Amino acid sequence: MLEIAQEFKKEANYINGEWVKADSGETFEVHNPATGELLGSVPMCTNVETSRAIDAAYTAFQTFRKTSVKERTDMLRRLRRLIIDNQESLAQLLAAEQGKPIAEARGEVRMSASYVMWFAEEARRIYGETIPSPWAERRIMVTKEPVGVVGAITPWNFPSSMLARKIAPAIAAGCTVVCKPAEATPYSGLAWGMMCEKAGIPAGVVNILTGDPITIGEELTSNPNVHKITFTGSTRVGKILMAQSVPTVKKISMEMGGNAPFIVFDDADIDRAVEGAMASKFRNSGQTCVCTNRLYVQSGVYDKFVEKLAAATKAMKVGKSNEEGVVQGPLINEAAVAKTEEFVQDAKDKGGKVVTGGKRHALGHGFFEPTVIADANQDMMFSYDEIFGPVAPVYKFETEEEVVAKANDTDFGLACYFYTQDLGRTFRVMEGLEYGLVGVNEGVITAVEAPFGGFKQSGVGKEGGHQGIEDYLEEKYVCIGGLGF
């Protein structure tokens, strides 16, 4: 499977425009979650190499911040072209280390290219302001400048597009970056270093290093030459990074965990709702932060919805990413499978009914059967913890007020979805739900043109949309006097 992607399968880190190993010579292994196959090994870097990468980024920033918007836009356009020209190789590489079906991997690579193009265009729209002055002899301006060196930490579930959402706006704004991809999926991250090199992005502007998450994270958050931390991952880790960033008062943007409700009202188009639930719940085997976690269905259509959802779930083809017709691959590792089993057992112990699935798949390794559980209740783990697996618990509700309250009964507030044909209800529920992303009669809503980010403990800041570049900029107030008026 990796034959196509060998050119991009780098087993060294990209620091200051050079491909290097860890100073200690240590490495760690990367495995295919679908087969257990050893894919290779990459450097086990620590704070030592991280400090060196930060120094390179800080030095590069002194020059890069002065580049013209045209230069940065041209760099990003070349980078986007490289992604498009090599999308199949990049998708094959991504699918091998992450396990998602090849169609999903191709979609992620295309999305990465879209983010790069979007921010290439946004670079040209970093507008300042002139403000009417209260003093006749003075003029007031507000300018925007790059924040500086950015420390970026990304997850394994979208190992390419999450880097796109951080590297592209950083370059567009004139920042430099030190990126740490997830240990489970480092190859897709290192491929970004290779593409940046080929795109002619200057040495030190983009640095990619793999290794120990604790020491790398500590160095990124404590080093005074890093001015911003951007992180996508769990709320637990995000809180640690936020706390570590306090002593140096860094700018932060955090895209953290979710607990997405999916609400189906009696007046919904049930077939459309089932289609949306399938897309929202089972994409990437349920391993996305915006995946449906809790399905609330009104009593009048509950039985019909469960029946149709179970039938659609049972029809899903599970398999290795390069097999024809596969729509669900493996979970990322054994720990993820065990956690999914724990969720299912907890539900069964508390009165849940497994309608379909419910156990490890016959394929073994990281595979788990797509699962639907009826008669879910608020005491189950699903109600408060993110599943990150292919399990769809379905709750029954009676009233609009009841379901909005239950949907909001969580520390998280990233994505939510609801289905109705009632226009008044659409606005009432939309405004009542405490979430940063709301899908109305749609199960997949992410777009590069729109801001992505949550409320409450799901994060701080936005990625995508015109808002996505703001976290990489600082506003400067300038008052000019002595103009001779």
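Everything that follows concerns the structure shown earlier in this document.
Residues numbered from 1 in each chain as written. Predicted model: local features only at pLDDT ≥ 70, side-chain atom pairs only at ≥ 80, totals over all residues. Heavy atoms only, no water.

Draft legend 1. Summary view of the sheet that holds strand 15 (residues 371-376). Taken in spatial order, the seven strands of this open sheet run 14-15-16-13-12-18-19, and their pairing is mixed. With partners counted over all chains shown, the strands left at the sheet margins are strand 14 (353-356) and strand 19 (437-440), one partner each. Ignoring strand direction, the axes of neighbouring strands in this sheet form an average angle of 25°. Bridge analysis of strand 18 (residues 415-419) against strand 19 gives four bridges, and the strand direction is parallel. By the bridge assignment, Tyr 417 is partnered in strand 19 with Gly 439. (Pairing = 2+ DSSP bridges. Helix = DSSP H or I, 4+ residues; strand = E, 2+ residues; numbered from the N terminus. Axes fitted to C-alpha atoms, helices over the stretch in contact; angles between N-to-C directions.)

Draft legend 2. Seen up close, unusual backbone geometry. Located in the positive-phi region is Val 249, a residue other than glycine, with phi close to 50°. Counting through the fold element by element, Val 249 comes out in the loop between helix 8 (235-245) and strand 11 (251-255). A relative accessible area of 70% means that Val 249 is categorised as exposed. In this structure, Asn 441 takes a positive phi of about 60° despite not being glycine. (Buried < 20%, exposed > 50% of the residue type's maximum accessible area, 1.4 Å probe, protein only.)

Draft legend 3. Up close: the packing of aromatic side chains. What the rule picks out here adds up to seven aromatic pairs. Each ring, one from Tyr 14 and one from Trp 19, has its centre 4.9 Å from the other, and the planes form 40°; the classification is tilted. Ring geometry for Tyr 296 against Tyr 395: centres 4.7 Å apart, planes inclined by 35°, an arrangement best described as tilted. Here Tyr 296 is found in strand 13 (residues 292-298), whereas its partner Tyr 395 is found in strand 16 (residues 391-397), with 99 residues between them in sequence. (Phe/Tyr/Trp six-rings, centres within 6.5 Å; stacked < 30°, edge-to-face > 60°.)

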